[in-house]
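# Examination of the molecular architecture
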Protein chains: 6
Amino acid sequence: MADKKTALVISAHAADFVWRCGGAIALHQELGYDVTVACLSYGERGESAKLWKQDGMTLDRVKKVRQEEAQAAADALGVNDIRFLDLGDYPLRLDRDAQDQMVDIIREVQPKWMMSHSRWDPYNTDHMNTTQFALECRMIAQAWGHNPGEKVLGAPQLYLFEPHQTEQMGWKPNVFLDITPVWDKKRAAIECMQGQEHLWDFYTNVAENRGNHFRRNSGGMAGGRKSEYAEGFEMIFPQTVDELA
Amino acid sequence: MADKKTALVISAHAADFVWRCGGAIALHQELGYDVTVACLSYGERGESAKLWKQDGMTLDRVKKVRQEEAQAAADALGVNDIRFLDLGDYPLRLDRDAQDQMVDIIREVQPKWMMSHSRWDPYNTDHMNTTQFALECRMIAQAWGHNPGEKVLGAPQLYLFEPHQTEQMGWKPNVFLDITPVWDKKRAAIECMQGQEHLWDFYTNVAENRGNHFRRNSGGMAGGRKSEYAEGFEMIFPQTVDELA
Amino acid sequence: MADKKTALVISAHAADFVWRCGGAIALHQELGYDVTVACLSYGERGESAKLWKQDGMTLDRVKKVRQEEAQAAADALGVNDIRFLDLGDYPLRLDRDAQDQMVDIIREVQPKWMMSHSRWDPYNTDHMNTTQFALECRMIAQAWGHNPGEKVLGAPQLYLFEPHQTEQMGWKPNVFLDITPVWDKKRAAIECMQGQEHLWDFYTNVAENRGNHFRRNSGGMAGGRKSEYAEGFEMIFPQTVDELA
Amino acid sequence: MADKKTALVISAHAADFVWRCGGAIALHQELGYDVTVACLSYGERGESAKLWKQDGMTLDRVKKVRQEEAQAAADALGVNDIRFLDLGDYPLRLDRDAQDQMVDIIREVQPKWMMSHSRWDPYNTDHMNTTQFALECRMIAQAWGHNPGEKVLGAPQLYLFEPHQTEQMGWKPNVFLDITPVWDKKRAAIECMQGQEHLWDFYTNVAENRGNHFRRNSGGMAGGRKSEYAEGFEMIFPQTVDELA
Amino acid sequence: MADKKTALVISAHAADFVWRCGGAIALHQELGYDVTVACLSYGERGESAKLWKQDGMTLDRVKKVRQEEAQAAADALGVNDIRFLDLGDYPLRLDRDAQDQMVDIIREVQPKWMMSHSRWDPYNTDHMNTTQFALECRMIAQAWGHNPGEKVLGAPQLYLFEPHQTEQMGWKPNVFLDITPVWDKKRAAIECMQGQEHLWDFYTNVAENRGNHFRRNSGGMAGGRKSEYAEGFEMIFPQTVDELA
Amino acid sequence: MADKKTALVISAHAADFVWRCGGAIALHQELGYDVTVACLSYGERGESAKLWKQDGMTLDRVKKVRQEEAQAAADALGVNDIRFLDLGDYPLRLDRDAQDQMVDIIREVQPKWMMSHSRWDPYNTDHMNTTQFALECRMIAQAWGHNPGEKVLGAPQLYLFEPHQTEQMGWKPNVFLDITPVWDKKRAAIECMQGQEHLWDFYTNVAENRGNHFRRNSGGMAGGRKSEYAEGFEMIFPQTVDELA
């Protein structure tokens, strides 16, 4: 349908989209968007320590468990569509084929906005390589000469979602999104991540404190807009507007 | 009237608001805002070279001419209110009295957004000192204990308007505003600046090229929103939203 | 006593030291340090909104209440010595007299390390001006010609404690301190801040999440050093060591 | 001839050298330099939207048209030599073969200075990858063990020419070049770019405004060196001089 | 032996570890560490100009000479183990195989800390690519799913050692190490580098001046800790401590 | 004489100009410039530790000794004119009077270029305040309305000379000046600084290593311009040229 608004989240590993932008996903689904999540890998090698500590674990079993968790979280968030590109992790295999695959998805989705990781992450080069990959694919999707005849991409914003240690990544949010209305969905999605229970409260704390930042920035000591939970994002590209907010 | 939207521009010298945000002023007046412009000085010593080359020129005469030009430009833009604080220029006298005066204006206006110069300007320290002063006064206006009983300020955005050599100032616009509907007013205001005719075309070029940036960022090669003239601004504070654009 | 280790915290307003480094204070007191806290103001005008909303409030009463709260918090933390310089807030009066007063304190304390605010804070210029002031006074205290005959200051580290919105301030912690052993004291001190109850959980969340960062940086996915609560700091000066950690 | 001065411009797509440094090229040709332009691609897929909108267009035809335009522009500028490496665009194929090819060109040309794109470009990763590629090839060309016996490269400056949205790229010019004497040639070259007519005036505006920056930086309000048109560049490496300018 | 402390230095070319961290290596060997040095290449093509100027030189002979020099320097420093990965230089071949090789070494060594080059080096892209490679391999070595059953890596600090022109590389040391006790060993190692005699005094000067910085930062004008020679390093990751220094 | 070229160095304390730009001064005097040095203070309180350790020392005696040393150094360098503004140090008194005094000097000298400290110095706020002061005074000296009738200043470059710990100050040199021809004069001037003998070799090392940087940047491994001693500077403003170097 021509009027349907869409969004695309590019997540290096299967769980990243849950912690970092689960609220944005659930909220925009409720706002009528179709949100697509592309998981480049399952995080099967690098982000599944708990599973690997079990006897007789295999790569395929880890991938299966991780996929099920991610699918359950996506369901909890109401994600329209989740794709698993299975590119391997630690490191991701971001070659020409992966690029073609991702450009096809971008063109198919025609997202109003895109979302990915921070620009720098010395702890996890998969994350920053994913952002570089997202920019590269966005550019190709805009090229009239790439698969001529297909609808080319416009100029969607690329939002960078919150990394685990924000200050070390040089990530600076310039927009806070109120996710209070969908917090229950995000918490439910978080609880699908059985292998990373130590992070459940961490990201609940983050959401509460970003709620405080939302209130501060919307009103200061005079009392801002009430928000219990929020998420922060960094826009890479400038905005174009008809009125200053 | 309770619902009236307001804005406040703090301009180091009398002409700065014309070149740098004349479009934003005219546009928001048309959108129903009451825009107040506070000129800290007339730019009488440092930005009136042409006048000083005339025989027998005095400081008072320069100030008078500059005030008339600024008033004429403000009229062309439909500015609701322009205040001349006469703090002297090159350098500005930004002492405690000036602070009190500015805080009073801020509280009186209760601006939905504020606007001032870039954070760094090695060519013109008046400019960067004005931004520091604006932040300082914004903070005081938010204090419940400053003139208790007055209505305290909320948390308005501080937009930084375009400096003369953007890259040297470390200024990076993160929002472009389409000023096509009010371009004629801005050009008329520009032409009130008789003493700086060499800048008329410079800032027309800027507006045209920012229009190109507006188109690029709103649509890329797929064809963006049509905009002939635009202005760019850097937001200091993060935004708070209910939907990602 | 010659061997006594000392530390000095310079806090713009009366409550800053509680949220931002209460754990470091309590911990170092337990480690045998004498920690001195210098509050440049009570935050009486700008950080006491709740008090000002009461009928008939006066500046003196606000200062008195704020001093009592700060003193109670200091007691809870076991602070050795707290000084109130009463320099006014929003804005602070950081003139030559204030400088002399602070230099005297620095020389008297002879701190092994100092602590203050972030370098940049567009929300609160008192904070960044305090850091500039701390650097200035540290330099004067090192001068052999300032009050000749007094013991000059060595080269103590200046730690910058955590601001309210870290990313907006450009603050990047390069050291995490485990405050688990003294968390109860910090929470007790926090609860002395009756006027800012909305921040109690905020800073508890911060401490928990910094505990996670402590674990991550001490051990990664292999399991780091157990820490429930931590505080982060940014060192301005390089360290000098005899072995790499 | 031993004394012949040479320069090398590395352009990601066929048209980049025209908009961004056409003046520098024409001027240095007039100063007696032999300027070589290396176009890594024709911009056939990503920068030829207008051609792709024509019925029955093919990749080869786009490349042919783009090559003809670039050749015509090069002729207008008096370029000594233009090479088309045909590495594909969106994305460029910057592999080991491409590297060898470029190193051969660098060693053949032995440029007094080199020129390429900005270090960062989120809109167009081809641009920033080209700069990285230029640095890599410059390094290899300096290696005595690469094709031993060939003349190794000295230490030519790498100038970064002006990107389309300077502030978004973090590009900061530290040298302005007066191109007034060759402006007509640059405008003629610009007009060879039939497919991008919407940029003709944009880059004329840029040249005029950089002329203003030239005047400002050469003389300030006291009246600088007259320059109608200029181009800006960012030097990556420090200069070595015998007198300060 | 379980208690043995280990460290790992990743050096792009055979000589880098000598100039940049020879003191740290010798000192930690004396402190009881086993230090492993991994030389990715011999610097055979790009850093052996003097050898290539000899008649009839071949790549194999250059590599042999460079290996002997590096081995001699390692011996002078008391290096526990030096590995030559022979990945080629100018440019380094940092592919998947190289990655696997390096991850194996990291896991075998289980370093308490790691060390490599600066993040940016426009003169020598091998250097900055090595740092990126080190981060990538560190991440893989931490993955439980990489060669399951092997002992995974913890979270060792990555120190960046001093590049040749520090300011151009954006390198900022945040720790100085006193190498006075092992200076003789470092100088002896330096003198093993027969092909780069022009750098012997350069790096002696560096060590002396870093000694001055050590004294300054440990005591200021009041007289710091005596240090004749020092080395500086930049830590990428934050530290975790139980007491502030 | 109309054609006389002039330069102005603004030094926070009496000795700064010797260590940081003594070579540039001596060289430009030999090139026919008249160089004026303005010492804002003698460094009497903060940079005269050795003197203060003598019994019965007084502020006036310290100032006298420091003035004599600075004068002797100036003579050794062939400085045309040295002014002592006696503004006090630690901290400098940079008020309106000081400003007027400095603007008078700038206008009198009409420097082709100016020179001062780095933009940031957490060790010594006098240094960074001096740079801010220099920019402020440069701006006032350009104002046609400041003391109308006087010759206004053009747009001289402001060079920032080398601070003591370059990386901590965020100082990045973009020009190296060969001072080999005048090294003997600089060393002689350095030796006039009896109170800071511990810095003689430090700054000799700096000059030798900057000579290496000069050679590297003028020729790389192919062999650059021979330079034994050099000084580095950071230009704040962009250059305007007619040919790229």
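Up top is the structure these notes are about.
Presented here is a report on the structure given in the accompanying data block. Since the structure is predicted, the reported quantities are computational estimates derived from the model, not experimental observations.

Thresholds applied
- Sequence positions are assigned chain by chain, starting from 1 and proceeding in written order.
- Each chain takes a letter, starting from A, and each ligand takes a number, starting from 1, following the order in which they are written.
- Only residues with pLDDT of 70 or above have their local features reported here, since the model is predicted, and side-chain atom pairs are shown and tallied only from 80 upward, although totals for entire chains, interfaces and linings are computed over all residues.
- Excluded from the side-chain calculation are hydrogens and water; included are all heavy atoms of the structure.
- Any two of the Phe, Tyr and Trp rings considered here, Trp counted by its six-membered ring, make a pair once their centres fall within 6.5 Å; the pair's planes then place it as stacked at under 30 degrees, edge-to-face at over 60, or tilted in between.
- Helix numbers and strand numbers start at the N terminus; a helix is a DSSP run of H or I with at least 4 residues, a strand a run of E with at least 2.
- Per-residue accessibility, obtained with a 1.4 Å probe over protein chains only, is compared with the maximum for each type, and a residue is labelled buried under 20%, exposed over 50%, and partly exposed between these values.
- Only strands joined by at least two bridges in the DSSP assignment are considered to pair.
- For helices, the axis comes from a line fit to the C-alpha atoms of the stretch in contact; other axes are also lines fit to C-alpha atoms, and the angle between any two N-to-C directions lies between 0 and 180 degrees.
- Only heavy atoms matter for contacts: two residues are in contact if any of them lie within 4.5 Å across the pair.
- Put simply, buried area is the surface a 1.4 Å probe can reach on two separate parts but cannot reach once they are joined, added for both.
- Here, a salt bridge means any side-chain nitrogen of Lys or Arg that lies within 4 Å of a carboxyl oxygen of Asp or Glu.
- For this analysis, a polar contact is any N or O atom pair within 3.5 Å, provided that within protein one partner can donate a hydrogen and the other can accept it, and provided that sequence-adjacent residues contribute only side-chain to side-chain pairs.
- Residue polarity follows a fixed list, in which Ala, Val, Leu, Ile, Met, Phe, Trp, Tyr, Cys and Pro are nonpolar, Asp, Glu, Lys and Arg are charged, and the others, Gly among them, are polar.
- Least squares is the method used to superpose the copies, on C-alpha atoms of residues holding a pLDDT of at least 70 in both.

## Digging into the packing of aromatic side chains
Residue and element names in this part refer to chain C.
- Under the defined criterion, the tally for this structure stands at 48 aromatic pairs over all chains.
- Ring geometry for Tyr 33 against Trp 113: centres 6.3 Å apart, planes inclined by 45°, an arrangement best described as tilted. Of this pair, Tyr 33 sits in the loop between helix 1 (16–30) and strand 2 (34–39) while Trp 113 is found in strand 4 (residues 113–116), placing the two residues 80 residues apart along the sequence. Judged on exposure class, the residue Tyr 33 and its partner Trp 113 are both buried.

## Quick word on the sheet that holds strand 5 (residues 157–161) of chain F
- If you walk across this open sheet you meet the 8 strands as 8(D)-6(F)-7(F)-5(F)-4(F)-1(F)-2(F)-3(F), and the pairing is mixed. Both edges of this open sheet fall to strand 8 (239–241) of chain D together with strand 3 (81–84) of chain F, since each of them pairs with a single strand only. Here the average twist between neighbouring strands, direction ignored, is 25°.
- Inspection of the sheet shows strand 5 of chain F paired to strand 7 (residues 230–235) of chain F by 3 bridges, in the antiparallel sense. Among the inter-strand pairings, F:Phe161 is bridged to a residue of strand 7 of chain F, identified as F:Phe233.

## Some remarks on the interface of chain F and chain D
- Taken together, the contact between chain F and chain D spans 43 residues of the former and 43 residues of the latter.
- The largest share of the area that chain F buries against chain D comes from F:Gln239, F:Thr240 and F:Leu244, three residues that together contribute 20% of it.
- Counting the contacts that link chain F with chain D gives 4 salt bridges.
- Of the charged contacts in the structure, one is a salt bridge between D:Arg225 and F:Asp242, with a shortest N-O distance of 3.0 Å.
- Between chain F and chain D we count 18 residue pairs in polar contact (both at pLDDT 80 or more) in total.
- Broken down by secondary-structure element, the contributors of at least two residues to the side of chain F that touches chain D are helix 1 (16–30), strand 4 (113–116), strand 5, strand 6 (175–178), helix 7 (200–219), strand 7 and strand 8 (239–241) of chain F.
- With 5 residues, the top contributor of residues to the side of chain F that touches chain D is helix 7 of chain F.

## As for the interface of chain B and chain A
- Counting residues at the interface gives 43 residues for chain B and 43 residues for chain A.
- For the pairing of chain B and chain A, the buried interface totals around 3,400 Å² over both sides, and the portion due to carbon and sulfur atoms is 54%.
- If you look at where chain B meets chain A, you find 4 salt bridges.
- We note a salt bridge from B:Glu243 to A:Lys5, for which the minimum N-O separation is 3.2 Å.
- Joining chain B to chain A, the criterion identifies 18 residue pairs in polar contact (both at pLDDT 80 or more).
- Those elements that provide at least two residues to the side of chain B that touches chain A are helix 1 (16–30), strand 4 (113–116), strand 5 (157–161), strand 6 (175–178), helix 7 (200–219), strand 7 (230–235) and strand 8 (239–241) of chain B.
- For the side of chain B that touches chain A, the leading source of residues is helix 7 of chain B, giving 5 residues.
- Partitioned by chemical class, the residues of the side of chain B that touches chain A number 25 nonpolar, 11 polar and 7 charged.
- Across 3 bridges, the pairing between strand 6 (residues 175–178) of chain A and strand 8 of chain B is parallel.

## Brief notes about the relation of the copies chain F and chain D
- With an RMSD of 0.0 Å, the fit of chain F onto chain D corresponds to turning through 180° and sliding 0.0 Å along the axis. The operation mapping one copy onto its partner corresponds to a two-fold rotation axis. Among all C-alpha atoms of chain F, that of F:Asn174 lies closest to the rotation axis, at 4.7 Å.

## Topic: the relation of the copies chain B and chain A
- For the pair chain B and chain A, the superposition axis carries a translation of 0.0 Å, the fit reaches an RMSD of 0.0 Å, and the rotation angle comes to 180°.
- Interface overlap between copies: 100% of the residues of chain B at the interface are likewise at the interface in chain A, consistent with a symmetric, same-surface contact.

## With respect to the side chain of B:Gln165
- Mapped onto the secondary structure, B:Gln165 falls in the loop between strand 5 and strand 6.
- Residue class for B:Gln165 comes out buried when judged on its relative accessible area of 2%.

## Thoughts on the sheet that holds strand 4 of chain B
- Spatially, 8 strands are ordered 8(A)-6(B)-7(B)-5(B)-4(B)-1(B)-2(B)-3(B) in an open sheet, and the strand pairing comes out mixed. With one partner strand each, in any of the chains shown, strand 8 (239–241) of chain A together with strand 3 (81–84) of chain B form the two edges of the open sheet. Averaged over all adjacent pairs, the angle separating strand axes in this sheet is 25°, with direction ignored.

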